[in-house]
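# Report on the structure
Now for the letters of each chain:
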Amino acid sequence: MEEVTDPEELAKARAQDERFARNSAWLQAHIPEVYSRYRGKCICIAGEELFVADTPEEVIAMAEAAHPEDDGSLIRYIPKEKMARIYAV
Amino acid sequence: MRFNGEWLSCDDGIVRPAIRGEILADDGSWKTFEFLVDTGADRTVFSAVTLAKLRLQPLTAQEGISGLGGSADSVIVETQIRLTRETSSKVVFRGQYAAVTQLDSLDIDVLGRDITGLFSAIVDQPGDVVCLLGQRHRYTIEHV
């Protein structure tokens, strides 16, 4: 465990955090429509825009092509079925 | 030392305890993810979508990771995880972490006890608190 104290690196990380937060907020605001329409799909939010594909590689390529500047993209797989989950892996 | 998380709304409408962090990708960039704070998980595990985004080369295949749904195919990757302190500085955890290889096996990255065990983990839904405490941060339990 080590702490990063380099101001330049921290500033870069903070900017990325803010971009991720914007994409996450977009998803949280659109949860019902996104999660109900795209079960079994991979989604990616970049530039506060939704991308959908069957595989992570496809959806990452789509998002990177549309928003190459956004290093705070959010990717997620939406399970096919809605059910109670126990993780503990 | 304090790492703050949040109760995150998931696809099924359930809120789960999560902490945001970054993982070092194969190209040297940091990618941001949300980790489930799973106090029952023996180890940290990445989902298949996270593995794809990181483009990390697996060190080895692992026999499997077991949960309630049975065993899942997985690999081991060597990388770094970075969490954000209450001071906004970053703390890096280097290690070998497991990653599942099937999309259906895991829909969110899991922060297991290889990391959470270094801290006091607070997962308090009524109080709306998710955090990891260490070093000079402590919690108290009060009768009110």
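What you see is a predicted model, and the numbers here were worked out from it, not measured in a lab. (Residues numbered from 1 in each chain as written. Chains lettered and ligands numbered in written order. Predicted model: local features only at pLDDT ≥ 70, side-chain atom pairs only at ≥ 80, totals over all residues.)

## Details of the sheet that holds strand β3 (residues 49-53) of chain A
Residue and element names in this part refer to chain A. Quick reminder of the rule: Strand pairing follows a simple DSSP-based rule, namely that at least 2 bridges must link the two strands. Numbering goes from the N terminus for both helices and strands, where a helix is a DSSP run of H or I of at least four residues and a strand is a run of E of at least two. The axes used here are C-alpha line fits, helices contributing only the stretch in contact, and every angle between their N-to-C directions lies in the interval 0 to 180 degrees.
The 3 strands lie next to each other as β3-β2-β4, forming an open sheet whose pairing is antiparallel. Looking at the sheet topology across the chains shown, the edges are occupied by β3 and β4 (74-77). Direction aside, neighbouring strands of the sheet carry axes that sit 20 degrees apart on average. Sheet topology note: the strand β2 (residues 42-46)/β3 ladder contains 5 bridges and is antiparallel. By the bridge assignment for β3, Ile 45 is matched with Leu 50.

## Points about the interface of chain A and chain B
Inclusion rule: Residue pairs are scored as contacts if the distance between their C-beta atoms, which are placed from the backbone, is within 7 Å. Asp, Glu, Lys and Arg are counted as charged, while Ala, Val, Leu, Ile, Met, Phe, Trp, Tyr, Cys and Pro are counted as nonpolar; the rest, among them Gly, fall into the polar class.
In this assembly, 30 residues from chain A lie in contact with 31 residues from chain B. Broken down by secondary-structure element, the contributors of at least two residues to the side of chain A that touches chain B are β1 (2-4), α1 (7-29), α2 (31-37), α3 (56-66) and β4 of chain A. By residue number, the principal contributor to the side of chain A that touches chain B is α1 of chain A, which donates 7 residues. Looking at the side of chain A that touches chain B residue by residue, the classes come out as 18 nonpolar, 4 polar and 8 charged.

## Some words on the pairing of β2 of chain A
All names here are of chain A. We apply this condition: Three exposure classes are used, all based on how many other C-beta atoms lie within 10 Å of a residue's own C-beta (placed from the backbone): buried at 20 or more, exposed at 12 or fewer, and partly exposed between those limits.
Along β2, 5 of the 5 residues are buried, which leaves the element largely enclosed by surrounding structure. Where β2 meets β4, 4 bridges bridge the pair, whose relative direction is antiparallel. Looking at the pairing, Cys 44 lines up with Ile 75 of β4.

## Here's the deal with the environment of Val 45 of chain B
Structurally, the position occupied by Val 45 of chain B is in strand β5 (residues 45-46). The spacing of Val 45 of chain B and Val 77 of chain B is 32 residues in sequence and 10.0 Å in space, taken between C-alpha atoms.

## What to know about unusual backbone geometry
As a rule of thumb, non-glycine residues mostly have phi less than zero, and peptide bonds are mostly trans rather than cis. For Glu 48 of chain A, which is not glycine, the phi dihedral falls at a positive 55 degrees. Inspection of the secondary structure puts Glu 48 of chain A in the loop between β2 and β3. The phi torsion at Asp 128 of chain B lies on the positive side, around 55 degrees, for a residue other than glycine. Looking at the element boundaries, Asp 128 of chain B is found in the loop between β10 (120-124) and β11 (129-133). Exposure remark for Asp 128 of chain B: the 9 C-beta atoms within 10 Å place this residue in the exposed category.

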